[in-house]
Amino acid sequence: MPSLRLGNIAPDFEAETTAGPIKFHEWSGNSWVILFSHPGDFTPVCTTELGEVARRAGDFAKRNVKLIGISANGLKDHSKWVEDISDFGARYGPTNVEFPIIADEDRKISTLYDMLDEQDATNRDAKGLPFTIRTLFVIDPKKVIRLTIAYPASTGRNFDEILRVIDSLQLGDKHRITTPVNWNKGEDVIVHPSVGNDEAKVLFPEVTFHKQPYLRTTPLKVSE
């Protein structure tokens, strides 16, 4: 079975979605993308997730992130499911699902992205086709896969963590830094190992050199 790894180019594809037909690379343009899969429509955990993503659309937009879901159902089911997502999500705040959801009834895209649960013989639909694993990809503007996370069906995703990772990746691309455990935007960062000590003093005037020579930390002031 093909396997996509960090650093691979995200495969291009054409698909029918709730927002109309797309060519993935063309649709993504110069944005970051979150592509996240669901085993099927009208599933309880995924219903809560898509509502959360819809409510936090502004958080993703200000980071130049486009969102796109995928589920192994057709567009007719997707449209009905979006109504449920909006209705249930409204108890937590205004919920309007504007991002596209891919219709992947034939599992073509799920296969391309190695999302199928082929190990669990019970995780299949009425036709015997395997459901998709709950996988999330973060893809950068160069179409490179920067993060993958596979979740069990029983556990909802934590989108605070996904936003945190996107902040880390974007700052690292721009500032030659990495981020420590439990880091959140605005906290001290680690100077990238490729930066020498003399250069670190120039790039990061407030750098701290620790007892461990491979650890240099610094504040990083960034605009929101």
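Overview of the structure. (Residues numbered from 1 in each chain as written. Predicted model: local features only at pLDDT ≥ 70, side-chain atom pairs only at ≥ 80, totals over all residues. Heavy atoms only, no water.)

A look at the packing of helix α2 (residues 44-55) against helix α4 (residues 75-89)
- Here α2 crosses α4 at 75°, and the two axes come no closer than 9 Å. The orientation of α2 with respect to α4, classified from their angle, is roughly perpendicular. Contacts between α2 and α4 involve C46, T47, T48, L50, G51 and R55 on the former and, on the latter, W81, I85, F88 and G89. (Axes fitted to C-alpha atoms, helices over the stretch in contact; angles between N-to-C directions. Helix = DSSP H or I, 4+ residues; strand = E, 2+ residues; numbered from the N terminus. Parallel < 35°, antiparallel > 145°, perpendicular 65-115°, else oblique. Contact = heavy atoms within 4.5 Å.)

Thoughts on the pattern of salt bridges
- On inspection of all chains with the given rule, the structure shows twelve salt bridges.
- Taking the shortest distance from any N to any O, the salt bridge between R164 and E161 comes out at 2.7 Å. You can see R164 and its partner E161 sitting in helix α6 (residues 159-175), three residues apart, about one turn around the helix.
- Classification of R164 by relative accessible area gives partly exposed; the value is 21%.
- Of the charged contacts, one joins E206 and K221 as a salt bridge, the two residues approaching to 3.1 Å between their closest N and O atoms. Pair noted here: E206 is in the loop between α7 (197-203) and β10 (208-209) and K221 is in the segment after β11 (216-218), with a separation of 15 residues, a long-range link.
- A relative accessible area of 46% places E206 in the partly exposed class. (Salt bridge = Lys/Arg side-chain N within 4 Å of Asp/Glu carboxyl O. Buried < 20%, exposed > 50% of the residue type's maximum accessible area, 1.4 Å probe, protein only.)

Nothing here speaks to function; it is geometry throughout.
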